[in-house]
Amino acid sequence: FIFSADRPGTLVGTGANQTIDQKEIFGNHVRFFHDMGLPKKEHDQLERYMGEAICHLKGVNYKNPPGPVHLNFPFDEPLFSNDKVGSEKYLIDSIQHIDMKKTSIRMIPDSKKPLFVIGANINGNFQDDLISLAEKINAPILADPLSQVRYGFKSENIISHYDIFLKKIDFEPDFVLRIGFKPTSKILCNHLDQWKEKTLLVSPYFQHNDDCSNFVQSLIDEYLKFQINVINWRGDEKWLNTIKSIDGKIEEFISLEVNMHEGLIARVCQ
């Protein structure tokens, strides 16, 4: 949340000291901007725009992800007067939460080679459900370092070294479940481009800055819990075990042959 103090608009562009054009100075890097104008005795617009800014800060009705907001406050001289302004405390929370009807959540299709791709996430209360679902249907989890899944959670389904073996082996899932932003791995993103038509992106926010062909808006933990309860099939165990074996061999090689590397820091700190 950025509050910026400013000089009056009448001084902008006049060469007055300490004066620049601060309106929309952060461009589209913020979710919301408003110039509050010179203060009034009643502060009649303060509650309205503070409330709107807080909504964008948290994510308005799940239309866009939460993000930074900017309110600009110009002041004229004298900064202080003898007028007393009441200091009301505004309790603003006009967030409307989406009602997730479980009957509207599409089931994951029966798949022989299911794959989960987990990128960076804003929300972080889904990992246990994700692992439970992956283990139930034999889905490997390609977990980005920023995914909040790669570290701190124990499951043989969590695959870490895909950036190495995706360059070398024939790797072709028949269904891909994506959660979070696109991964940082360039090679994995290239594969996702090839798998786009069989990929499903799940997010609590309307599809934002992502070109995935198939999208479901749902709270992630609710989506995963629903799938755990309704799915009665399992993917090919050989599919999962092959990937786990390749990942394990790479891990073993790194442990034996590479004595010092940056990944040791994360491993020791788990």
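Source: prediction; values computed, not measured.

Scoring rules and cut-offs
Residues numbered from 1 in each chain as written. Predicted model: local features only at pLDDT ≥ 70, side-chain atom pairs only at ≥ 80, totals over all residues. Heavy atoms only, no water. Axes fitted to C-alpha atoms, helices over the stretch in contact; angles between N-to-C directions. Helix = DSSP H or I, 4+ residues; strand = E, 2+ residues; numbered from the N terminus. Parallel < 35°, antiparallel > 145°, perpendicular 65-115°, else oblique. Left-handed = near helix turned anticlockwise from the far one by under 90°. Contact = heavy atoms within 4.5 Å. Nonpolar A, V, L, I, M, F, W, Y, C, P; charged D, E, K, R; others polar. pLDDT = per-residue confidence, 0-100. Core = buried A, V, L, I, M, F, W, Y, C linked by side-chain atoms within 4.5 Å. Buried < 20%, exposed > 50% of the residue type's maximum accessible area, 1.4 Å probe, protein only. Pairing = 2+ DSSP bridges.

Draft legend 1. View of the packing of helix H2 (residues 127–137) against helix H5 (residues 220–230). At a minimum axis distance of 9 Å, the contact between H2 and H5 shows a crossing angle of 30°. In terms of their interaxial angle, H2 and H5 are classed as roughly parallel. The two elements H2 and H5 cross, and the hand of that crossing is left-handed. In this structure, H2 uses Asp129, Leu130, Ser132, Leu133 and Lys136 to contact H5, whose residues at the interface are Asp221, Leu224, Lys225, Gln227 and Ile228. When grouped by side-chain class, the residues that make up the contact of H2 with H5 number 4 nonpolar, 2 polar and 4 charged.

Draft legend 2. Quick peek at the confidence of the model for the chain. In this model, the chain carries an average pLDDT of 82, and 81% of its residues clear a pLDDT of 70 or more. Mean pLDDT values for the elements of the chain range from 61 in helix H7 (residues 263–269) up to 97 in strand E4 (residues 114–118). Note on residues 84–98: pLDDT is under 50 here. Beyond four places in sequence and across chains, it has 23 contacts.

Draft legend 3. Fine view of the nonpolar core. Within the largest apolar cluster, 27 residues are counted, with the highest numbers of intra-cluster contacts made by Phe116, Leu130, Ile141, Leu177, Tyr223 and Leu224. Those residues in contact with phenylalanine 116, other than ones at most four positions away along the chain, are Leu130, Leu133, Ala134, Ile137, Ala139, Pro140, Ile141, Leu142 and Leu177.

Draft legend 4. Structural view of the pairing of E4. The buried count for E4 comes to 5 of 5 residues, which makes it a mostly enclosed element. Judged by which residues are buried, E4 turns out to be covered on both faces: Pro114, Phe116 and Ile118 on one side and Leu115 and Val117 on the other are all buried. Bridge analysis of E4 against strand E7 (residues 175–179) gives 5 bridges, and the strand direction is parallel. Bridging from a neighbouring strand, leucine 115 pairs with valine 176 of E7. With 3 bridges connecting them, E4 and strand E5 (residues 141–143) associate as parallel partners. Looking across to E5, one finds that isoleucine 118 is bridged to alanine 143.

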